[in-house]
Amino acid sequence: MADTIITTDLVAEFTERFASSKAIHERAHGAIAGGIAHDGRYQKPFPIYVDRADGAYKWDIDGRQLIDYAVGHGSLILGHGDPDVRAAVHAQLDRGTHYGAGHEMEITWAEKIVELVPSAERVRFTASGTEANLLAMRVARTATGRSTILKLEGHFHGWSDYVAKGEKPPFEDAGVPGIPEDVLRTVAVVPANDPAMLEERLSQDDVAVVLVEPSGASWGMIPLADGYLEQVREITARHGAILLFDEVITGFRWSPGGAQQRLGITPDMTTLAKIVAGGLPGGAVTGRADLMDYLAFKDEPGWGKKKISHPGTYNANPLSAAAGIACLTKCADGTVQRHCDELAATLRAGLNGVLERHAVDGAAWGESSAFHLILGERVSNRIDGDLRRPEGVAGETLKSSGKAGLAMPIAMAMELEGVDLFAGGGMLSAAHTPADVAFTIEAFDRAISRLRQSGYLV
Ligand SMILES: Cc1ncc(COP(=O)(O)O)c(C=O)c1O
């Protein structure tokens with residue numbers, strides 16, 4: 001899918017409407033490398049700058065309201081400013097933001113995770129999902145005595161050197177700038193949904209850990225086939241490789257116990273971030289006690305050579321712990337997830353209905369409370385209803401759907417209609433209502449007309 005050159009009246013209207021964001025973005029370029037703080041926030045012709053957020057909404061710096069489907073990159077399943085999370089953080093703020101010491105909340109926080117996540121026997125906190133995966137890979141390499149990391153094409157595990165290869169299309173391109181060849185050689189990538197390839201690679205007996213997004217790449221942009229994860233579980237166990245579910249997005253969203261609980265498949269290790277810290281910075285590694293034990297100090301002779309080093313100034317930060325406990329407590333009985341899932345299903349169906357009525361190629365699809373959107377590609381199984389897996393479009397094209405093709409024009413058109421998508425789709429929260437979803441479907445209808453008028457769609 002080629003990047004789209006944006007040169008129409010849509011841009012002129014967007015630029016006029018969001019002129020303050022344009023000005024502030026120009027200022028950003030003078031101090032921030034590339035003008036943005038996260039590659040995912042790159043937007044043509046410029047990103048919208050936000051002043052405040054509450055519930056399901058955020059307001060740009062001119063006070064324009066947008067329905068928010070980024071929900072803190074998926075971390076705010078309760079929506080912005082949940083009263084219980086806010087109260088917990090406010091209370092903690094008055095008691096100190098960093099003790100440089102242990103505190104009881106970190107134990108309560110870990111206990112909540114152990115209670116909810118099936119694979120979690122012990123927990124270690126980190127400051128982000130990227131860090132959680134780094135630590136988990138180190139644990140797996142230590143426990144197995146093997147060095148290769150195996151990933152699935154398109155699956156995202158943060159921005160560290162070990163997980164960049166094979167994440168972005170073209171997947172077979174092993175060259176990743178800034179990462180030494182020696183590091184890249186310790187990472188193997190196989191296509192998802194191909195158990196035979198996985199089996200073949202694991203039979204070399206050098207793989208420490210298989211990293212998987214249990215939703216499929218990028219929270220279900222490239223869905224996994226039914227039964228594939230069961231096969232991955234069986235094959236990894238047979239070959240002595242650790243199976244790690246990266247539940248940074250799916251954790252506490254796909255169900256209170258994450259995708260593993262929803263699917264009934266228990267990995268050896270799990271990484272968490274986002275919702276686990278209630279929308280504040282934080283992450284966690286969890287898993288079997290015998291694996292997590294490599295983090296422990298022991299007096300046994302020779303243990304010093306096995307003990308995994310794990311410092312980190314912001315590990316189990318009290319503010320994140322307070323937010324995390326409040327959030328996980330509210331997410332424990334499944335009510336929040338059911339609400340979000342139902343709304344997302346209605347939204348996906350409504351977006352497909354709009355595409356059907358306009359006879360425009362593309363589809364909305366997804367699972368749980370996530371939705372993805374592609375325009376201008378023929379999805380052979382598109383229906384006027386909810387869709388779990390799009391067919392007839394290559395995985396690489398699906399994976400680019402948030403950035404390439406018509407992703408930027410539709411993002412602009414939706415923002416003009418008062419809706420902020422995330423990576424071409426988004427996630428729902430407890431704060432979103434049926435009225436928000438209905439508004440979004442109507443906004444999408446008008447946005448499609450705009451794209452027609454601007455010549456993006458025929
Ligand atoms: C599946 C997955 N793993 C890891 C990460 C990295 O987490 P963080 O951005 O907290 O480093 C992300 C971030 O979006 C993610 O979606």
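Structure report, in brief. (Residues numbered from 1 in each chain as written. Predicted model: local features only at pLDDT ≥ 70, side-chain atom pairs only at ≥ 80, totals over all residues. Heavy atoms only, no water.)

**Here we look at the environment of Arg 238**
Locating Arg 238 in the fold gives a position in helix α9 (residues 228-238). Sequence spacing of Arg 238 and Glu 104 is 134 residues, and the spatial spacing of their C-alpha atoms is 39 Å. A polar contact of 2.8 Å, which involves the side chain of Arg 238, links it to the side chain of Glu 199. (Helix = DSSP H or I, 4+ residues; strand = E, 2+ residues; numbered from the N terminus. Polar contact = N/O pair within 3.5 Å; in protein donor to acceptor, adjacent residues only side chain to side chain.)

**A few points about the site of the ligand**
Around the ligand, the surrounding shell consists of Ser 128, Gly 129, Thr 130, Asn 133, Phe 156, His 157, Gly 158, Glu 213, Asp 246, Val 248, Ile 249 and Lys 274. Note that a nitrogen atom of the ligand is positioned 3.4 Å from one of the backbone N or O atoms of Phe 156. Look at the ligand: alone it shows 390 Å² of surface, and the protein chains cover 84% of it. Per element, the largest residue contribution to the shell around the ligand is three residues, and it comes from helix α5 (residues 129-144). Split by residue class, the shell around the ligand holds three nonpolar, six polar and three charged. (Near = heavy atom within 4 Å. Areas by Shrake-Rupley, 256 points an atom, 1.4 Å probe, with all protein chains shown as cover. Nonpolar A, V, L, I, M, F, W, Y, C, P; charged D, E, K, R; others polar.)

**Details of the packing of helix α1 (residues 9-17) against helix α15 (residues 407-416)**
The interhelical angle for the contact between α1 and α15, taken along N-to-C directions, is 50°, at an axis separation of 10 Å. One way to sum up the angle between α1 and α15 is to call them oblique. Considering only the axes of α1 and α15, their crossing is left-handed. Judged by residue contacts, Leu 10, Val 11, Glu 13, Phe 14 and Arg 17 of α1 engage Pro 409, Met 412, Ala 413, Glu 415 and Leu 416 from α15. (Axes fitted to C-alpha atoms, helices over the stretch in contact; angles between N-to-C directions. Parallel < 35°, antiparallel > 145°, perpendicular 65-115°, else oblique. Left-handed = near helix turned anticlockwise from the far one by under 90°. Contact = heavy atoms within 4.5 Å.)

**Comments concerning the packing of α15 against helix α16 (residues 434-453)**
It is at 9 Å that the axes of α15 and α16 come closest, and there the two elements cross at 125°. Taken together, the axis directions place α15 and α16 in an arrangement best described as oblique. By crossing handedness, the relation of α15 to α16 is classed as right-handed. Side by side, α15 and α16 meet where Pro 409, Ile 410, Ala 413, Met 414 and Leu 416 of the first sit next to Thr 440, Ala 443, Phe 444, Ala 447, Ile 448, Arg 450 and Leu 451 of the second. Residues that form the contact of α15 with α16 fall into these classes: 10 nonpolar, one polar and one charged.

**Focus: the sheet that holds strand β2 (residues 57-60)**
Ordered in space as β1-β2-β3-β13, the four strands form an open sheet in which the pairing is mixed. Each end of this open sheet is capped by a strand with a single partner; those strands are β1 (50-54) and β13 (419-420). Of the pairings in the sheet, the one linking strand β3 (residues 65-68) to β13 comprises two bridges and is parallel in character. Note on β13: the bridge partner recorded for Asp 68 is Asp 420. (Pairing = 2+ DSSP bridges.)

**Looking at the pattern of salt bridges**
Here the structure, examined in full by the defined rule, presents 28 salt bridges. Its salt-bridge partner being Lys 112, residue Glu 115 comes within 3.8 Å of it at the nearest N-O pair. Taken together, the residues Glu 115 and Lys 112, both in helix α4 (residues 104-116) and three residues apart, mark about one turn of the helix. On the basis of relative accessible area, Lys 112 is assigned to the buried category, the value being 17%. In this structure, Glu 417 and Arg 450 form a salt bridge, with 3.0 Å as the shortest nitrogen-oxygen distance. Note that Glu 417 is positioned in the loop between α15 and β13 and Arg 450 in helix α16, a separation of 33 residues in sequence. Under the relative-accessibility criterion, Arg 450 is labelled buried at 15%. One salt-bridge network, held together by shared partners, links Glu 13, Arg 17, Glu 417, Arg 446 and Arg 450. (Salt bridge = Lys/Arg side-chain N within 4 Å of Asp/Glu carboxyl O. Buried < 20%, exposed > 50% of the residue type's maximum accessible area, 1.4 Å probe, protein only.)

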